[in-house]
Amino acid sequence: MPGYAANFGLILFMIMLTFSAVFGVIVYRITTAAALSFSTNETTRSNVRVTVTATAVIINLVVILILDEIYGAVAKWLTEIEVPKTEKTFEERLILKAFLLKFVNSYAPIFYVAFFKGR
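Residues numbered from 1 in each chain as written. Predicted model: local features only at pLDDT ≥ 70, side-chain atom pairs only at ≥ 80, totals over all residues. Heavy atoms only, no water.

1. A look at the overall build of the protein
Tallying secondary structure elements over the protein gives four helices and zero strands in all. Reading the secondary structure of the protein in the N-to-C direction produces α-α-α-α. Relative to the compact-globule value of 14 Å for 119 residues, the protein shows a C-alpha radius of gyration of 19 Å, a clear excess of over 25%. Along the three orthogonal principal directions, the C-alpha set of the protein runs to about 65 × 20 × 20 Å. The contacts in the protein between residues at least 6 apart in sequence include a share of 67% that link residues at least 24 apart. Computed over 11 positive and 8 negative side-chain charges, the separation of the two mean positions in the protein equals 10 Å. (Helix = DSSP H or I, 4+ residues; strand = E, 2+ residues; numbered from the N terminus. Rg over C-alpha atoms; globule rule 2.2 N^0.38 Å. Contact = heavy atoms within 4.5 Å. Lys, Arg positive; Asp, Glu negative; His and termini not counted. Charge placed at Lys NZ, Arg CZ, Asp CG, Glu CD.)

2. Topic: helix 3 (residues 48-82)
For helix 3, which comprises 35 residues, the first-to-last C-alpha distance of 49 Å matches the rise-based estimate of 51 Å (1.5 Å per residue) to within 8%. Residues Val48, Val52, Ala56, Leu67, Tyr71, Val74, Ala75, Leu78, Thr79 and Glu82 constitute the buried set of helix 3. Trailing helix 3 by a residue or two, valine 83 shows a phi angle of about 50°, which is positive. (Expected span 1.5 Å × (residues − 1). Buried < 20%, exposed > 50% of the residue type's maximum accessible area, 1.4 Å probe, protein only.)

3. Notes on the environment of alanine 56
When you line up the elements, alanine 56 lands in helix 3. Expressed as a C-alpha distance, the spacing of alanine 56 and asparagine 7, which sit 49 residues apart in the sequence, is 32 Å. Non-local contacts of alanine 56, meaning those with residues more than four positions away in its chain, are made with Val25, Tyr28 and Arg29.

4. Examining the pattern of salt bridges
Counted by the stated rule, this structure contains four salt bridges. As a salt-bridge pair, arginine 45 and glutamate 42 come within 2.4 Å of each other at their nearest N and O atoms. In this pair, arginine 45 and glutamate 42 are both assigned in helix 2 (residues 42-46), three residues apart and thus about one turn of the helix distant. Classification of glutamate 42 by relative accessible area gives partly exposed; the value is 49%. Between glutamate 92 and lysine 88 there is a salt bridge, and its shortest N-O distance comes to 4.0 Å. Taken as a pair, glutamate 92 and lysine 88 lie in helix 4 (residues 87-117) at a separation of four residues, close to a single helical turn. Here the residues in one salt-bridge network are Glu82, Arg93 and Lys97, joined through shared partners. (Salt bridge = Lys/Arg side-chain N within 4 Å of Asp/Glu carboxyl O.)

5. What about the confidence of the model for the protein?
Detailed reading of the predicted coordinates is not advisable wherever pLDDT is low. Here the protein averages 89 in pLDDT, and 97% of its residues register 70 or above. Mean pLDDT values for the elements of the protein range from 86 in helix 2 up to 92 in helix 3. (pLDDT = per-residue confidence, 0-100.)

6. Comments concerning the nonpolar core
Formed by 13 residues in total, the largest nonpolar core has its most connected members in Ile11, Met14, Ile15, Tyr71, Ala75 and Leu101. Those elements that place two or more of their residues in this core are helix 1 (2-37), helix 3 and helix 4. Contacts of methionine 14, omitting those with residues within four sequence positions, involve Tyr71, Val74 and Leu101. (Core = buried A, V, L, I, M, F, W, Y, C linked by side-chain atoms within 4.5 Å.)

This is how it looks when you write it as structure tokens:
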């Protein structure tokens, strides 16, 4: 039972890490937009929205790709710690963990755009 609790706790931590990364990009967008809007250069001020959006998208992409690789390795490691009795059980648990972590990682930024940024 302690193995399952550790797995559950680590998966929750990874999900919170994903939400923290999305929140970090939000903070980046706000602070960068504020900093660029105070620029003395007129071209910089007129292109604040494009600059902030483009850089935030690139940062989001890099974070998603890095966390995707980390989550694949973590899912495999967590499944190996459980020591499943059969190969089928191992594969089922690995698929569940990998799907859960990668789903949250891939779709958290989309949920932010769809439900919070659009308001």
